[in-house]
Amino acid sequence: MDYPKTGNETYVSFSISNTMLEGLGKSTITREPVSADYLKELFAKYGVIVSIKPEQQPLLRRVNELYGLNLEIPESLKIIQLSEQHRRLVVITAMGLRRKSGTLLPSYTDEELARPLIGVVSSYNEIVPGHMGLDKIAEAVKAGIRAAGGTPVMFPAIAVCDGIAMGHVGMKYSLVTRDLIADSTEAMVMAHQFDGLVMIPNCDKNVPGLLMAAARVNVPTIFCSGGPMLAGRLNDGRRSCLSHMFEAVGAYHAGKLDEAGVADYTENACPTCGSCSGMYTANSMNCLTEAIGMALRGNGTIPAVYSARLRLAKQTGMKIMELVEKNVRPRDIMTEAAFHNAETVDMALGCSTNTMLHLPAIAHEAGVELDLRMVNGISDKTPNLCHLAPAGNTY
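The rules behind each value
Residues numbered from 1 in each chain as written. Predicted model: local features only at pLDDT ≥ 70, side-chain atom pairs only at ≥ 80, totals over all residues. Heavy atoms only, no water. Helix = DSSP H or I, 4+ residues; strand = E, 2+ residues; numbered from the N terminus. Buried < 20%, exposed > 50% of the residue type's maximum accessible area, 1.4 Å probe, protein only. Contact = heavy atoms within 4.5 Å. Areas by Shrake-Rupley, 256 points an atom, 1.4 Å probe, with all protein chains shown as cover. Polar contact = N/O pair within 3.5 Å; in protein donor to acceptor, adjacent residues only side chain to side chain. Patch = residues over 30% accessible without salt bridge, like charges linked within 9 Å, V, L, I, M, F, W, Y side chains within 5 Å. Salt bridge = Lys/Arg side-chain N within 4 Å of Asp/Glu carboxyl O. Phe/Tyr/Trp six-rings, centres within 6.5 Å; stacked < 30°, edge-to-face > 60°. Expected span 1.5 Å × (residues − 1). Pairing = 2+ DSSP bridges. Axes fitted to C-alpha atoms, helices over the stretch in contact; angles between N-to-C directions. Core = buried A, V, L, I, M, F, W, Y, C linked by side-chain atoms within 4.5 Å. Right-handed = clockwise from strand over helix to strand, strands pointing away.

(A) Examining the overall build of the chain more closely. A tally of helices and strands in the chain yields 16 helices and 10 strands. In the chain, which comprises 395 residues, the share counted as buried stands at 50%. Counting only contacts in the chain whose residues sit at least 6 apart along the sequence, the fraction spanning at least 24 positions is 75%. Within the structure as shown, the chain displays about 18,800 Å² of accessible surface, and the carbon and sulfur contribution to it stands at 53%.

Below you can see the structure in the form of structure tokens.
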């Protein structure tokens, strides 16, 4: 960034996060003075974060004088937010100066940094079957963001497979990951001040964790899950799913199924990537994410291996740019009425009872309180329209 000189120079120190950027003014990166008029223009247009040490009292008085502020001398190093509109200036300046210095983000161009910066939260990993295909979803989302005029910046979120974690000490670690995901995503978003977010989850605790994070940070956000797994088919032609795999293991230990039978289930019950076929927690939460308004139509139902899922991901990337432009935030969408709508869909589809573990936690982050009495009232008047696996034989 070039700083105009007018002859009326002053020095002001700025910081982002833990002094990631030490200065727009007398910076350790630029060591250049900034004109007071230029700073005043930046304050008016963008706002900034200013960090002032106690020994900088003359500087603070000068800042108060120049910009008509009434900041007090802090007892220790303190970050003072002067405007809610600081995000673009701080992030672009931090990324741009460090890019020019060759120490950070060397591939970002000025044109990319001039566009809205969209955090793409990818939950891809190589052990969770529901997440093995999320790398392709993330690339499609990024393509949609670029097509609509944004700059995608991807970072990860963890995910645990409850199916793999079941039956040993690993199950004690599953639920806590929901809050770990929410907390770590919040940390990344607040530290880097993205203009918008696209969350790419798929499985049990990962979906509610990212929904909690979205409500908590409340910047424009949209979801695109990885989609459900296709149902399996055994060698004798019977259709199968995850529940049958569990039952097969029990039958083997009971002496009712031989090793060849177990191998048949192992190889065929869960044949593709995607969230396990059936209305378990993952597919339930992906459907409710759509019902609550945080994802586009088809988020909960388009299979993971269909080309339509990649098209949906691209459309999601395009849609976030509209949400950013209109400043539509998660708490504008996740209202009390939206949660009631989600619960109605929950009852109609016969979703997992774990939804009542997650929806109240998500609602709490959005400033909405849900209780069982409300849910029971919705259940009393909402018919259950289908019996999806494991409650029935429909997949």
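(B) Looking closely at helix 15 (residues 355-365). Among the residues of helix 15, those classed as buried are T355, H358, L359, A361, I362, A363 and E365. Close packing links the buried residues of helix 15 with helix 7 (174-192), helix 8 (206-217), helix 11 (281-291), helix 13 (330-333) and helix 14 (336-349).

(C) Representation of the side chain of S240 within the structure. Its place among the elements puts S240 in strand 10 (residues 239-240). A relative accessible area of 0% places S240 in the buried class. In terms of polar contacts, S240 uses its side chain to reach the side chain of H244, at 3.3 Å. Here S240 is in contact with A231, G232, R233, L234, Y265, A269 and Y395, once residues within four sequence places are set aside.

(D) Spotlight on a nonpolar patch on the surface. Residues I158, V169, Y173, V176 and L180 make up a contiguous nonpolar surface patch of about 490 Å² in total accessible area. The class of Y173 is exposed, set by a relative accessible area of 54%.

(E) Here's a closer look at the packing of aromatic side chains. Taken as a whole and assessed by the stated rule, the structure comprises 1 aromatic pair. Note on F155 and F194: the rings are 5.6 Å apart at their centroids and 15° apart in plane angle, and the pair reads as stacked. Remark: F194 occurs in the loop between helix 7 and strand 7 (196-200) and F155 occurs in strand 6 (residues 151-156); sequence separation between them is 39 residues. Residues F155 and F194 agree in their burial class; the two are buried.

(F) Geometry of the environment of R311. One can find R311 in helix 12 (residues 307-326). The exposure class of R311 is partly exposed, given its relative accessible area of 49%. Note: C-alpha distance between R311 and A140 (171 residues apart in sequence) is 7.5 Å.

(G) Structural context of the pattern of salt bridges. Evaluated as defined, the whole model comprises 10 salt bridges. Note that R178 and D179 form a salt bridge whose closest N and O atoms lie 3.5 Å from each other. With a relative accessible area of 31%, D179 lands in the partly exposed category. When salt bridges with common partners are traced through the structure, they connect D183, E186, R216 and E365 into a single cluster.

(H) Representation of helix 14 within the structure. With 14 residues, helix 14 extends 20 Å between its outermost C-alpha atoms, agreeing within 8% with the 20 Å of an ideal straight helix rising 1.5 Å per residue. Buried within helix 14 are the following residues: A338, F339, A342, E343, D346 and A348.

(I) Spatial organisation of the sheet that holds strand 8 (residues 221-223). Pairing is parallel across the open sheet formed by 4 strands, whose spatial order is 6-5-7-8. Sheet topology places strand 6 and strand 8 at the edges, where each strand pairs with a single neighbour. When the angles between neighbouring strand axes are averaged without regard to direction, this sheet yields 20°. As defined by bridge partners, strand 5 (residues 117-122) adjoins strand 6 across 6 bridges and the pair is classed as parallel. The residue of strand 6 that forms the bridge with G119 is V153.

(J) Summary view of the nonpolar core. The biggest cluster of nonpolar side chains holds 46 residues, and the ones touching the most others in it are M334 and F339. Tallying contributions element by element places helix 8 first for this core, with 8 residues. In this structure, I118, V141, I222 and M321 belong to the second largest nonpolar core, which totals 19 residues.

(K) Looking closely at the pairing of strand 5. Within strand 5, 6 of the 6 residues are buried, which leaves the element mostly enclosed by the surrounding structure. Residue alternation in strand 5 divides its side chains into two sets, L117, G119 and V121 and I118, V120 and S122, and both sets are buried. Chirality of the crossover, the property in question, places the unit of strand 5, helix 5 (residues 134-147) and strand 6 among those that are right-handed. Summarising the sheet, strand 5 and strand 7 pair through 5 bridges and their orientation is parallel. Within strand 7, the position partnered with I118 by the bridge is G196.

(L) Looking closely at unusual backbone geometry. Cis geometry marks the peptide bond from A389 to P390, where omega comes out at 10°. For P390, the location among the structural elements is in the segment after helix 16 (372-381). Even without being a glycine, N218 presents a positive backbone phi close to 55°. With respect to the helices and strands, the residue N218 is situated in the loop between helix 8 and strand 8. Phi at N327 is positive, roughly 55°, even though this residue is not glycine.

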